[in-house]
Each structure stands twice: as structure tokens, then as C-alpha cells.
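One-letter residues, chain by chain:
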Amino acid sequence: MVLTMTAHYLRNNPIHPGLDVKVLLVLSFVSGLVYGSQVVVPPKVNAVLGKNVTLSCRVQVDTNLSLTQSSWERKLPSGWVTLAVYNPMFGISIPPEYERRLSFRSPSMRDATIVLEDVGFADIGIYTCKVATFPLGNTQASTTVSVIVEPKVYVSAGSSALIDGGNETTVATCIAERARPPANISWETNLYGTSDAHMQDDANGTTTTQVHYTWKPSRHAQGHTITCVVKHSALQSDFRIPYIINVQFAPDILVLGYDGDWYVGRENVQLKCRAKANPLAQHFRWIRLDGEMPDGVKVVNNSLVFMRPLQKNDSGVYRCEVANDIGLHNRDIRIHVQDVSQKQMTSSMAIAGAVMGAVLALFLITVFTIVLITARKAPSPTYTDKVIELPPTHKPPPPYTERPPAIPRASQAPQVASFSQARRMDRRYELAEWAPARMARRDLQSPTHHSLSYQEWICHQNGADQVYINHREHYV
């Protein structure tokens, strides 16, 4: 209404362009102030097809005003139509064509919010909330209702099977059907594939989006999960659909049971053939490559079982063949049957080594004991041994019995010849007894001395006896 009055004023006063602009600004400001201060509605509302939508209208009434009536109107090609009326005195009025689907949420002096159920495309348009006050009159605000369509989301497998080692192919397709506006689709995965999006317009302004995920199949990704993520304004949160990859591959074979210690006479041994395949393996076969299969061997549950003790001729190369719809694979194993168990040989060598170690230790202990006992039984060193071990300057003269006799003078030769043999023997014993004590005293008095020679001994005649005296050492 205010904007209409402003346009009418400008048409009737075209000669003041500067004033016209100022008047337009002031009137626009006043119009917005009155408009915003009385009725508050959202500028745009998205309604999901087939669900309920709430059209909010809050009424702000000053203390000097009184609310007389609030209503909702809708603009159609034929003009404006009234949808609902609330009067504090007379109550609520709704036309029959909207009575089933439209209602006031909680009508009051300050709230004119309505709820429209089972929204369809025919409900798209502009809706106006009007408030009649006294003495100001009518105040209104409009909102635009758009109908959005929640997509139908699903994931479909590719048109061809995923075979290990094959060419790049479509693993899966994520589809969001009849969405309004179009849905945003992406794939979450750590595989090195690519995504390709396609859109198709449908009736009523909806769009179907398809995103293909292309990848080169590998058996290592069997059972891996990729996730389709769909984002749309009609969804309260992201829509996630997991998809498990199914890769077909020929059998992977593993032969178990041979521990490297098969020996003649060993019992209860077998070779187990295990296969991982997709689809499951349907064919198992055991053969021997270097000869005929030995007697007493049977295939039980895909295992090669030796029903008897092992023999030397069981040594050889055995093959397990496994096949499924994708292909046939095999695995070979070479068996060597020994004469003696390797574990027993190792144990015997360990025992022999232990015995040898024990014998050696006992021998060393015995030798050490003998040496220790022998050292304890050895005689203590004599005085003479101690003297001999001294340095040359500390050695005493040799015993009298070991010294060479002094050469008598010529005048004394006859007397020496007459010296009795018994007397000489007695003197020798006397000198042998006296010499150690005299030597010990001399060692204490004079630690350093020279060795004595026979020239230092002089013979003295004492009656019938002859005495040899060393004047240097005073030994008799």
C-alpha cells in the first residue's frame, strides 16, 4: 500500500528529481519499519513432497494497538484466495477445500502459524500472512513455498562380473531418482577408481542422478566396502549406502603338513590342500610328478593321507590341483623322507656334546686337584736352598766338606801326611755342625761379602792337631 502511494506521488510530481529520490527512500524505510515490526514470516519455505510443512507467522503488537484478526491468503492465477482466518472473538474459519489439510498450530494474539499437510506440487506459490489491528489497520508479510522432492536412493551392481585382472568395468552405480532439486552424489573409497555422473530430467521438474564407479578388478579388494553418499535439502542428514565388492578369481592354493622332518617309520602324516577361491573351488586332485602314487595313500577331504608308516620311496614331488569356474591352479611340494628323524639326531648330538663337556670338566677338576695336593705335600725349603737362591754377592761359602783342601807348605808336608784319618773325619763333622750358625751370624753382621777360595785358609799346627783357619772370616 505504501509503495503504491509512493509511485502515485512520483507520477504526479515529475519536476523535482532530487526530492523524488528522498521521498522514495523515506517512504520505503517507513514501509519496511511498519512491515517488519508487525508481522514476521520466513522469506522462503521448502516443503517436502508428500509431507507436512509449517508456515510460521509471528505477530508483534504494540501496547497501544489491539489485534482484531489474523489470516492467511494465497495468490493464484485467478487472484487471491483466503486459506484460514483467526478472530479472537469469533474463532477460526477455514474454507472446505483446505479444511482437511490446513490448521492453525496454536492461534493467539501473537501467533498465526499454520500447518499444511500432504504437500503436493499444486501447493507451490506465494502465501501471505495478514494482521488487522486497531487503529493502525492491516499489516502483512509474504513467503514463497517451494516443493522439494526427496530422492529415492539405491545402489545397483555393474552389468558384468568383476574378474581378477580384467579390464576396467563399472563396479556399482549409485542412483538418486526423481529428486527436486537434483541430488549431490559421491563415492567414498580408498580404491583407485573413477566416478562418472549422469542426470536425467523427469516429470514435475524432478531429476534422476546416476553416478557410476569404474575400477580395474583385483582379488586383493575382495570383500572391500565402498560407500555411496547422497546429499539433498530434503534429507535431514547425508544418506549413506555401503556396497561390498565381489571380485571373482581363480584358486589360491596352500599346501600344509610337511614340516621337513619326515623319516622312515613315522606315522599319521598327511598333506593338506587349502584353497581360497571365488566362487568356491569345485575340483581337487592329488598327483605325483616323479612317479606313481605309492600304495597305502588315500585322498580324504582334499588331503593326501599316508595310511601306513612312511617308507623311503615316499620321497618325491606331489602336486595339488584346484579348479573353479574362473580357472585351474596347482601347487607343488617336494617331500624328502630321511632315514632318521632330524630331531632325534639333533637330540643325540646335544646329549653327546653334554657328555663330552662333562668329561672334560671332570678331567680339568681332577688335574687341578692333583696339582693342589702335590703343592701342599712339597717339603719346605732348607736354609741351604734359601742361600743358593740369593744373588751371588749374598751367597755364603760352601760347606767345609765341599771346599778344596788348602795346599800345605812344603815344610809341613810330612806332618800333613802323618795326620790321622780319624781326626780329619771328626773335624769335618764339627765344621759341618758349626758352619751354619756361624754363617747365619755373619749374614746378620755383614750382608754383603765375597766368596771364599781355598787360598784364604791357613793351616795351623797345634800339637798333634792341624787346624785350618780363614783369617778373613775368622772361620775355623
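For clarity, every value in this text was computed on a predicted model and none was experimentally measured.

Undergrad: Break down the packing of aromatic side chains for me, with residues and values.
TA: In total, this model carries five aromatic pairs according to the counting rule given. Taking the centre distance of 6.2 Å and the plane angle of 55 degrees together, the rings of Tyr86 and Phe104 count as tilted. With Tyr86 in strand E6 (residues 79-87) and Phe104 in strand E8 (residues 102-104), this residue pair connects regions lying 18 residues apart in the sequence. Phe104 matches Tyr86 in its accessibility class, with the two residues each being buried. Both rings, one in Tyr258 and one in Trp262, keep their centres 5.3 Å apart while their planes meet at 75 degrees; by these two values the pair is edge-to-face. Taken together, the ring pairs connect Tyr258, Trp262, Phe306 and Tyr318 into an aromatic cluster.

Undergrad: Give me the lowdown on the confidence of the model for the protein, citing residues and values where you can.
TA: In low-pLDDT regions, the fine details of the predicted coordinates are not to be read closely. Looking at the protein as a whole, its pLDDT mean stands at 79, while 70% of the residues score no less than 70. Long-range and interchain partners of residues 1-37, a stretch whose pLDDT sits below 50, account for 18 contacts in this model, where long-range means more than four residues apart. Under a pLDDT of 50 for its full length, residues 406-422 has, in the predicted model, 14 contacts with residues more than four places off or in other chains.

Undergrad: Break down the sheet that holds strand E14 (residues 169-179) for me, citing the residues and quoting the values.
TA: Ordered in space as E12-E14-E17-E16, the four strands form an open sheet in which the pairing is antiparallel. Of all the strands in the sheet, the pair left with one neighbour each is strand E12 (152-157) and strand E16 (194-201). Taking the axes of each pair of neighbouring strands and ignoring which way they run, one obtains an average angle of 15 degrees across the sheet.

Undergrad: How would you summarise a nonpolar patch on the surface if you had to cite specific residues and measurements?
TA: On the surface, Leu360, Phe363, Leu364, Val367 and Val371 cluster together into a nonpolar patch covering about 480 Å² of accessible area. Relative to the helices and strands, Phe363 is located in helix H4 (residues 342-377).

Undergrad: Give me the lowdown on the side chain of Glu177, citing residues and values where you can.
TA: Mapped onto the elements, Glu177 comes out in strand E14. Here the side chain of Glu177 touches Tyr154 through a polar contact of 2.7 Å, side chain to side chain. Not counting chain neighbours up to four residues away, the residues in contact with Glu177 comprise Pro151, Lys152, Tyr154, Thr207 and Thr208.

Undergrad: Report on the pattern of salt bridges, specifying residues and quantitative values.
TA: One pass over the structure, following the stated rule, counts 14 salt bridges. Residue Lys130 is joined to Glu73 by a salt bridge in which the shortest nitrogen-to-oxygen separation is 3.0 Å. With Lys130 in strand E10 (residues 125-134) and Glu73 in strand E5 (residues 66-76), the pair connects residues that are 57 residues apart, well separated along the chain. Take Lys130: its relative accessible area is 25%, and that puts it in the partly exposed class. Of the charged contacts, one joins Asp164 and Arg219 as a salt bridge, the two residues approaching to 3.0 Å between their closest N and O atoms. Of this pair, Asp164 sits in the loop between strand E13 (162-163) and E14 while Arg219 sits in the loop between strand E17 (207-215) and strand E18 (225-231), and the two are 55 residues apart along the sequence. For Asp164, a relative accessible area of 27% corresponds to the partly exposed category.

The rules behind these values
- Residues numbered from 1 in each chain as written.
- Predicted model: local features only at pLDDT ≥ 70, side-chain atom pairs only at ≥ 80, totals over all residues.
- Heavy atoms only, no water.
- Phe/Tyr/Trp six-rings, centres within 6.5 Å; stacked < 30°, edge-to-face > 60°.
- Helix = DSSP H or I, 4+ residues; strand = E, 2+ residues; numbered from the N terminus.
- Buried < 20%, exposed > 50% of the residue type's maximum accessible area, 1.4 Å probe, protein only.
- pLDDT = per-residue confidence, 0-100.
- Contact = heavy atoms within 4.5 Å.
- Pairing = 2+ DSSP bridges.
- Axes fitted to C-alpha atoms, helices over the stretch in contact; angles between N-to-C directions.
- Patch = residues over 30% accessible without salt bridge, like charges linked within 9 Å, V, L, I, M, F, W, Y side chains within 5 Å.
- Areas by Shrake-Rupley, 256 points an atom, 1.4 Å probe, with all protein chains shown as cover.
- Salt bridge = Lys/Arg side-chain N within 4 Å of Asp/Glu carboxyl O.
- Polar contact = N/O pair within 3.5 Å; in protein donor to acceptor, adjacent residues only side chain to side chain.

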